[in-house]
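Coordinates in review
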Amino acid sequence: MRVLAIESSCDETAAAVVEDGRAALSSVVSSQVDLHARYGGVVPEVASRQHLRKIRPVIETALDEAGCTLDDIDAVAGTRGPGLAGALLVGYNAAKAIAFGRDLPFLGVNHLEGHVYANWLMEGPEPRFPALCLVVSGGHTDLVLMRGHGEYQRLGGTRDDAAGEAFDKVGRLLDLPFPGGPHVSKAAESGGPSSLALPRAWMHGTYDFSFSGLKTAVLHTVRSGAHDVPTIAWEFQEAVVDVLAGKTSRLSRELGAAEVLVAGGVAANNRLREELHARCPVPVRIPPPHYCTDNAAMIGAAAEFRLELGQRSPIDEDVFTTNDWDSPARFTPAAAGA
Ligand code: KG4
Ligand code: ZN
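Here we summarise the structure given alongside this text. (Residues numbered from 1 in each chain as written. Chains lettered and ligands numbered in written order. Predicted model: local features only at pLDDT ≥ 70, side-chain atom pairs only at ≥ 80, totals over all residues. Heavy atoms only, no water.)

Two numbers describe a pair of aromatic rings. These are the distance of the centres and the angle of the planes. Applying the stated rule across the entire model yields 6 aromatic pairs. Ring geometry for Y117 versus W120: centroids 4.4 Å apart, planes at 25°, classification stacked. In this pair, the class of Y117 matches that of W120, namely buried. Centre to centre, the rings of F167 and F236 are 5.0 Å apart; their planes meet at 80°, and the pair counts as edge-to-face. You can see F167 sitting in helix α5 (residues 163–173) and its partner F236 sitting in helix α8 (residues 229–255), a full 69 residues away along the chain. One exposure class covers both F167 and F236, and it is buried. Within the aromatic cluster, the residues linked to one another by ring pairs are Y117, W120, F129 and F305. (Phe/Tyr/Trp six-rings, centres within 6.5 Å; stacked < 30°, edge-to-face > 60°. Buried < 20%, exposed > 50% of the residue type's maximum accessible area, 1.4 Å probe, protein only. Helix = DSSP H or I, 4+ residues; strand = E, 2+ residues; numbered from the N terminus.)

Formed by 42 residues in total, the largest nonpolar core has its most connected members in V136, F211, F236, V240, L244, V262 and L276. No other element matches the 10 residues that α8 contributes to this core. Formed by 34 residues, the second largest nonpolar core is a distinct cluster that contains Y117, Y152, A303 and W325. (Core = buried A, V, L, I, M, F, W, Y, C linked by side-chain atoms within 4.5 Å.)

Turning our attention to the coordination of the zinc ion (ligand 2). Where a metal carries four tetrahedral donors, each ideal angle is 109.5 degrees; where it carries six octahedral donors, the ideal angles are 90 or 180 degrees. Looking at the zinc ion (ligand 2), one finds its protein donor set to be H111 (NE2), H115 (NE2) and D294 (OD), positioned 2.0 to 2.1 Å from the metal centre. Summarised as a motif, the one-chain spacing of the donors to the zinc ion (ligand 2) is H-x3-H-x178-D. Here H115, found in helix α4 (residues 111–117), pairs with D294, found in the loop between α10 (289–292) and α11 (297–308); they are 179 residues apart in sequence, far enough to count as distant. Accessibility assignment for this pair places H115 and D294 in one class, buried. (Donors = N, O, S within 2.8 Å, 3.2 Å for Na, K, Ca; no water.)

A few words on helix α6 (residues 180–188). Taken together, the buried positions of α6 are G180, G181, V184, S185, A187 and A188. Taken around the axis of α6, the buried residues stretch over an arc of 160°, which confines them to a single face. When the buried face of α6 is taken as reference, the exposed residues oriented beyond 90 degrees from it are P182 and K186. On its buried side, α6 packs onto α5 and α8. (Arc of directions from axis to C-beta. Contact = heavy atoms within 4.5 Å.)

For the rest of this paragraph, the subject is the sheet that holds strand β2 (residues 12–19). Pairing is mixed across the open sheet formed by 5 strands, whose spatial order is β3-β2-β1-β4-β5. The open sheet has two edge strands with one neighbour each: β3 (23–31) and β5 (106–110). Strand-to-strand, the axes of this sheet are offset by a mean angle of 20°, without reference to chain direction. Sheet topology note: the strand β4 (residues 75–81)/β5 ladder contains 5 bridges and is parallel. Note that in β5 the partner of G78 across the bridge is G108. Where helix α2 (residues 44–65) meets the sheet, its contacts fall on β1 (2–7), β2 and β3, and the angle it forms with β2 comes to roughly 25°. Relative to the sheet, α11 contacts β1, β2, β3, β4 and β5, its axis offset from that of β1 by approximately 130°. (Pairing = 2+ DSSP bridges. Axes fitted to C-alpha atoms, helices over the stretch in contact; angles between N-to-C directions.)

Here the amide bond leading from G81 into P82 is cis, since omega sits at -5°, within 30 degrees of zero. Locating P82 in the fold gives a position in the loop between β4 and α3 (85–102). In this structure, P179 follows F178 across a cis peptide bond, with omega equal to -5°. Along the chain, P179 turns up in the loop between α5 and α6. Of note in the backbone geometry, M203 takes a positive phi value of approximately 50° without being a glycine. The residue M203 is located in the loop between α6 and α7 (212–224) in this model.

Taking 1.5 Å of rise per residue, 12 residues should cover 16 Å, and α11 covers 17 Å from first to last C-alpha, within 8% of that figure. All buried positions along α11 are accounted for by A297, M298, I299, G300, A301, A302, A303, E304, F305, R306 and L307. G310, located one to two residues past α11, shows a positive phi value of around 90°. (Expected span 1.5 Å × (residues − 1).)

What follows is the structure in structure tokens.
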């Protein structure tokens, strides 16, 4: 089965052609990062309008690079949420329009489920269940037990800032370019251990996270002028990585998970990758960096197993902006649905 997948939940316009949920025949991502950099963050209306300009060329390029036309496509998938409503609407409606016009099966995909399924785009044996998923993006930080395809139980998550959000805010405090994550990580490469002791919120007895205290500690450190940017970036990154890797490894042991699957933009972070591999007692799978950050190939991979089950989304389905990991309720079996 060849799925045309479209993603526009935030500031990347993306389209991909994915074969059998495993092979990305193409994956095109048009980033708006330069457009938002001058504002220091994503401006929702600017994002939506840029998606409108880019969506058609991005889809056409994805088809071209896959060496196919719409005649070769068997189903269309689009990111339904969570994300910025105005941004989601552009890609989701484009996906619906193509499915409607070509009379193809249509499926709305949960963006975070999509991130997890980037782990199916890798070569070698497939992920095994039960899998513990660490989802670390700009908007979410969740620990989720995945018992099978589409079966999720959220065991913990952030009580305030998401990990990526903390990186981005600290980037701003350190006067680094947007988005903070990769730039903080780059600055940390020239840093190292110091006398600066930044706090780690362990949230004992839970699998929750909290990064707002750490962010405030960075603010006070910057104001004190006692440490340089590389040192603060290094200590901040170590504090985030320590808690993410520490809690993930402990939970994977307690659950007897077969594997740990890591997902989301922060999974592109090299120190996090190193520490998860070093500390987890079970195999750790992390997609290559270009499949950690937002892309449409992951949406096509996630769509595949639901389409195989005969699930479809109604063509009049709305987008959603918050996530509850309760995605099965949103699909109708093929027999009863659109
Ligand atoms: O998954 P993603 O591309 O978009 C969302 O769904 O949010 O994640 C974006 C987040 C941003 O906060 C960005 O700063 C962070 O991932 N990020 C990183 C790195 N690359 C991207 N954070 C730390 N280190 C990186 N190398
Ligand atoms: Zn994302």
